[in-house]
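Listed here are the chains, written in short residue letters.
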Amino acid sequence: MARKLSEMEAERIKRKNRANWLLSMPAILLLLFAASGPLLIVIVYSFLTPGNYGGILWEFSGEAWFKVLFAQDIFDDTISLSDAHLSIFWRSVQLSFLTTLICLILGFPTAYFIATRPPKTRNIWLFLITIPFWTNLLIRTFAILELIRNKGVINNSLISLGIINEPINMLYTDMAIVIGMTYVYLPLMVLPIYAAMERFDFRYVEAGFDLYASRFKVMRRIILPIIKPGVIAGSILVFVPSLGAYVTPRILGGGKNLMIGNLIELQFGQGKNWPLGAALAVTMLLIVLLALIFYMRISQRSEQKDAQ
Amino acid sequence: MSKTKKDAIAIHVNGVGKYFGSEPNLVKALDNVSIDIRRNEFFTLLGPSGCGKTTLLRLIAGFESPTFGQMLLDNQDITNLPPYHRSVNTVFQSYALFPHLTVAENISFGLEMLKKPKHEISATVDEMLALVHMEELKHRRTDQISGGQQQRVALARALAPKPDVLLLDEPLSALDYKLRRGMQIELKRLQLETGITFIFVTHDQEEALTMSDRIAVMSNGHILQVGTPNEIYYNPQERFVADFIGESNFIEAEVVSVTKGRSATASLRLAGTRKTFKANMPASKSKDKTATVFIRPEHAKLQKSTRGATLTGTLTNMLFFGTDTNYHLELDNGDAFVVRSQNEIGHAFHPAIGDKLGVVIDEQAIQVLKD
């Protein structure tokens, strides 16, 4: 009898597992075809030979990967590290990091503000946050361009107010790219932090005050650790697309301040070197991966420090 | 004569009011409340929900500031002091244990904020864990322990900084009956052992009576009466207090005469009877012709015969409580009256519903209310 029961239980679990697999099928298929498939193609292409007019030839070659990091002088064939690529990688990481930082500084108080409004008004504020999404990214980026160019709204107003005499040169600089990316990705920082903050029980704040914690200490020792998952999610959501940004650096950087996204586009377009483009794309993926590991390490270490 | 430490005032609340909102939706959560809470006292704020007891507690904790009035802690004005500068700790109704910290880290939090030396912190944490019998669960996360254990951690966390005053906001309301009874005894023990002034908020009169040194009964933002559990139970001044604490019978009485001595004594005739009683008359009622008297159900006796009885009525219901039985009567004039009597083994008196019975009330059991 007992054995029969255990068999029935095993049968039940088997049936449940089968149902679970069936239910998750759409998600698995989507991941397979929309994420893993294209990624696989990109990885395979990065090991092939470029075609003469774009495209690829089905011949194995490691040249694309070599070119990601090294450059061969066209005259004397000496091999050196590819300064152009490395500086673009470095600039991309720097600008993305800066964007993430500014988004965090602006987004955290915004999320805090919204989460502390009465429930009815919260939805209005959230609605306002989503308004920029109504317009195409390209249009919004051109709007930023209109704001910051030398004869744009900001410079004209500052000059007519007599604050400055010469226009501040903002367009086509790294600063312009950071401004643009901050504007575009700020909502992606605000929303996850808001989500964490909304679930935050503000009685913990009272408990903190009650136990002699000042405002600063309550923020650092209670609010931040509890909503940390939201901050991490927001930072990743801003950092990752910033690193691969294409439109913003193209328009506001004016084509001379390239980021990885522009470099990759160049290989598929004018450069007609698809394998190199693919290798650069995989490199970017690795940079993101490294950045995430680094980030996790830091947050874990701070956790251990807090625990001591 | 200098006051002994025991009699010193820990918290002095002077004419404090707290209003929320504005006209026409003004809510007077507390209206001109004055109260003195002594050092080392177990003081209870008792009242129904919305009476202002929690508001008063939050004012003392510093989470809200009063609309008007003044509060002193050990003769220091704390009216506008932020909560983190008051030597007052709170045990929250929801416990509000920090979810990202362990049991021990929760307890040490306040000590760390006070920048106590490390060895002292760990010694105090161990002491507190022992005090609430939680040594084994020191490194557990707070969501991995039961409600009763969370309650203990909340207590230990609030006691660890050794505050002058500990505030407890209905801390037992989330526990089941057995656990609650256990914690009542535990709380009383902790208060005696630590010698800290406890201010306890509850709507549970039984809890208030069993644990408190003194009770303040509150209603509608006012304090109606302050006294020991005995005074509150036996000498309620107002109908609300008598009604809220324990069970009560209210009977209208006619004032036959008032003799004025050191305290006014009145001759009273209960409605529907001819016999007169003597009872103390509150000064404010010395000119009134009628008064409400109240009688505790256990202070009346039931008898089979209506002869010689103070009141007579028909038995309408009997509720068995184990130790006692409540007999619900409809008096001859139509009023309801409850008699509570102890169940004894071999008790010969077994009335049935519909029986005509007599109620005997001792003169001392009759008390005149102010309102």
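Chemist: Just to check I follow, could you spell out helix H4 (residues 119–130) of chain A for this structure?
Modeler: It helps to recall that an α-helix has 3.6 residues per turn; residues three or four apart then point in one direction. Residues and elements named next belong to chain A. In this model H4 runs 17 Å from its N-terminal to its C-terminal C-alpha over 12 residues, within 8% of the 16 Å that 1.5 Å per residue would give. All of the buried residues in H4 are Arg122, Leu126 and Ile129. One side of H4 holds all its buried residues, which, seen down the axis, span an arc of 50°. Turned more than 90 degrees away from the buried face of H4, the exposed residues are Lys120 and Asn123. Where H4 is buried, its residues meet helix H3 (83–115) and helix H7 (174–199).

Chemist: So what exactly am I meant to see when it comes to empty space enclosed by the protein here?
Modeler: It is a probe the size of a water molecule, rolled over the atoms, that shows where empty space is left. Residue and element names in this part refer to chain A. The final tally for this structure, using the stated rule, is 1 cavity of 30 Å³ or more. Reported here for the largest cavity is a volume of approximately 50 Å³. Leu48, Pro50, Ser61, Glu63, Ala64, Lys67, Asn273, Pro275 and Leu276 together form the lining of the largest cavity. Among the elements that make up the lining of the largest cavity, the one with the highest residue count is helix H2 (residues 63–69) (3 residues). Its residues assigned to classes, the lining of the largest cavity shows 5 nonpolar, 2 polar and 2 charged.

Chemist: Please explain the domain arrangement of chain A as it appears in this structure.
Modeler: Size of an interface, as often reported, equals the accessible area lost when the parts are brought together. Residue and element names in this part refer to chain A. Along its sequence, chain A is carved into domain 1 (2–72) and domain 2 (83–307). Summed over both partners, the interface of domain 1 with domain 2 buries about 1,300 Å², with 79% contributed by carbon and sulfur atoms. The three residues of domain 1 that bury the most area against domain 2 are Trp65, Lys67 and Val68, which together make up 33% of that side's buried surface. Where domain 1 meets domain 2, there are 0 salt bridges. With 5 residues, the top contributor of residues to the side of domain 1 that touches domain 2 is H2.

Chemist: Where do I start with the domain arrangement of chain B in this structure?
Modeler: Residues and elements named next belong to chain B. As far as domains go, chain B holds domain 1 (3–242) and domain 2 (247–368). Here the C-alpha centre of domain 2 lies 38 Å away from the C-alpha centre of domain 1. Contacts between the two partners involve 7 residues from domain 1, matched on the other side by 9 residues from domain 2. A buried area of about 730 Å², summed over both sides, lies between domain 1 and domain 2, and 42% of it is on carbon and sulfur atoms.

Chemist: Any chance you could explain the sheet that holds strand E12 (residues 265–270) of chain B here in plain terms?
Modeler: Across the sheet, 5 strands lie side by side as E13-E12-E11-E14-E20 (chain B); this open sheet has antiparallel pairing. Looking at strand neighbours, the two that pair on one side only are strand E13 (276–280) and strand E20 (367–368) of chain B, the edges of this open sheet.

Chemist: What am I meant to see in a nonpolar patch on the surface here?
Modeler: Residue and element names in this part refer to chain A. Together, Phe113, Ile124, Trp125, Phe127, Leu128, Ile131, Phe133 and Trp134 line one region of the surface with nonpolar side chains, adding up to about 790 Å² of accessible area. A total of 4 residues in the nonpolar patch trace back to one element, the largest contributor, which is H4. With respect to the element layout, Ile131 can be found in the loop between H4 and helix H5 (137–148). Take Ile131: its relative accessible area is 34%, and that puts it in the partly exposed class.

Chemist: Would you mind showing me how to read the nonpolar core here?
Modeler: As a rule of thumb, nonpolar side chains are buried together in soluble globular proteins. In this structure, Ile227 of chain A together with Ile11, Leu45 and Ile199 of chain B are the most contacted members of the largest nonpolar core, which totals 69 residues. Examining the composition of this core, we find that 11 residues originate from one element, H7 of chain A, more than from any other. In this structure Ile199 of chain B touches Ile11, Ile37, Phe43, Leu45, Leu57, Ile60, Val165, Leu166, Leu167 and Leu168 of chain B, once residues within four positions along its chain are discounted. Of all hydrophobic cores here, the second largest spans 35 residues; its members include Val132, Ala154, Ala156 and Leu159 of chain B.

Chemist: Teacher, can you tell me more about the packing of aromatic side chains here?
Modeler: Aromatic rings considered in pairs are described by the distance between their centres and by the relative angle of their planes. All names here are of chain A. Taken as a whole, this structure holds 20 aromatic pairs over all chains when the rule is applied. Look at Phe47 and Phe60: their rings are 6.1 Å apart centre to centre, the planes differ by 10°, and that puts the pair in the stacked class. A residue pair is termed long-range when its members are at least 10 positions apart, and Phe47 in the loop between helix H1 (2–45) and strand E1 (48–50) and Phe60 in strand E2 (residues 56–60) qualify at 13 residues. Looking at Phe47, the relative accessible area reads 33%, which means it is partly exposed. Owing to a relative accessible area of 68%, Phe60 belongs among the exposed residues under this scheme.

Chemist: When you look at the interface of chain A and chain B in this model, what are you seeing that I'm missing?
Modeler: With 18 residues of chain A at the contact, the number on the chain B side is 27 residues. Across the chain A/chain B interface, buried area totals approximately 2,100 Å², and carbon plus sulfur atoms make up 62% of it. A per-residue breakdown of the area chain A buries against chain B is headed by Asp210, Leu211 and Tyr212 of chain A, which together make up 38% of the total. Linking chain A with chain B are 2 salt bridges. Glu112 of chain B is the partner of Arg221 of chain A in a salt bridge, and the nearest nitrogen-oxygen pair spans 2.9 Å. Inspection of the region where chain A meets chain B yields 8 residue pairs in polar contact (both at pLDDT 80 or more). Of all the secondary-structure elements, those providing two or more residues to the side of chain A that touches chain B are helix H8 (203–210) and helix H9 (215–243) of chain A. Partitioned by chemical class, the residues of the side of chain A that touches chain B number 10 nonpolar, 2 polar and 6 charged.

Chemist: How should I be thinking about unusual backbone geometry in this particular structure?
Modeler: Apart from glycine, the bulk of residues carry a negative phi angle, and the bulk of peptide bonds sit in the trans form. The peptide bond linking Glu23 of chain B to Pro24 of chain B adopts the cis configuration, its omega dihedral lying at 5°. Mapping Pro24 of chain B onto the fold places it in the loop between strand E1 (9–20) and strand E2 (27–38). For Tyr212 of chain A, which is not glycine, the phi dihedral falls at a positive 70°. With respect to the helices and strands, Tyr212 of chain A occurs in the loop between H8 and H9. The buried category is assigned to Tyr212 of chain A, whose relative accessible area is 10%. Here Lys272 of chain A, not a glycine, exhibits a phi torsion of approximately 50°, which is positive. Residue placement: Lys272 of chain A occurs in the loop between helix H11 (260–268) and helix H12 (274–307).

Chemist: Help me understand the environment of Arg140 of chain A in this model?
Modeler: All names here are of chain A. Within the secondary structure layout, Arg140 lies in helix H5. Through-space distance from the C-alpha of Arg140 to that of Leu81 is 37 Å; in sequence the pair is 59 residues apart. At 3.0 Å, the side chain of Arg140 forms a polar contact with the backbone oxygen of Pro132. Of note is the side chain of Arg140, whose polar atom sits 3.2 Å from the backbone oxygen of Thr135.

Chemist: When you look at the packing of H4 of chain A against H7 of chain A in this model, what are you seeing that I'm missing?
Modeler: Two quantities define a packed helix pair, namely the angle between the axes and the distance from one axis to the other. All names here are of chain A. Packing of H4 against H7 brings their axes to within 11 Å, and their N-to-C directions diverge by 160°. In terms of orientation, H4 lies roughly antiparallel with respect to H7. When the axes of H4 and H7 are compared, the crossing they make is left-handed. Each of Arg122, Leu126 and Ile129 in H4 lies in contact with H7, whose residues at this interface are Pro187, Val190, Leu191, Tyr194 and Glu198. Class assignment of the residues belonging to the contact of H4 with H7 gives a composition of 6 nonpolar, no polar and 2 charged.

Here is what the cut-offs are and how they apply
Residues numbered from 1 in each chain as written. Chains lettered and ligands numbered in written order. Predicted model: local features only at pLDDT ≥ 70, side-chain atom pairs only at ≥ 80, totals over all residues. Heavy atoms only, no water. Helix = DSSP H or I, 4+ residues; strand = E, 2+ residues; numbered from the N terminus. Expected span 1.5 Å × (residues − 1). Buried < 20%, exposed > 50% of the residue type's maximum accessible area, 1.4 Å probe, protein only. Arc of directions from axis to C-beta. Contact = heavy atoms within 4.5 Å. 1 Å grid on protein atoms, 1.4 Å probe; cavity = no way out; pocket = protein on both sides within 12 Å on 5 of 7 lines; lining within 4 Å. Points joined across faces, edges and corners; volume = space filled by probe spheres on them. Nonpolar A, V, L, I, M, F, W, Y, C, P; charged D, E, K, R; others polar. Domains from an automatic or database assignment. Buried area = accessible area lost by both parts, 1.4 Å probe. Salt bridge = Lys/Arg side-chain N within 4 Å of Asp/Glu carboxyl O. Pairing = 2+ DSSP bridges. Patch = residues over 30% accessible without salt bridge, like charges linked within 9 Å, V, L, I, M, F, W, Y side chains within 5 Å. Areas by Shrake-Rupley, 256 points an atom, 1.4 Å probe, with all protein chains shown as cover. Core = buried A, V, L, I, M, F, W, Y, C linked by side-chain atoms within 4.5 Å. Phe/Tyr/Trp six-rings, centres within 6.5 Å; stacked < 30°, edge-to-face > 60°. Polar contact = N/O pair within 3.5 Å; in protein donor to acceptor, adjacent residues only side chain to side chain. Axes fitted to C-alpha atoms, helices over the stretch in contact; angles between N-to-C directions. Parallel < 35°, antiparallel > 145°, perpendicular 65-115°, else oblique. Left-handed = near helix turned anticlockwise from the far one by under 90°.

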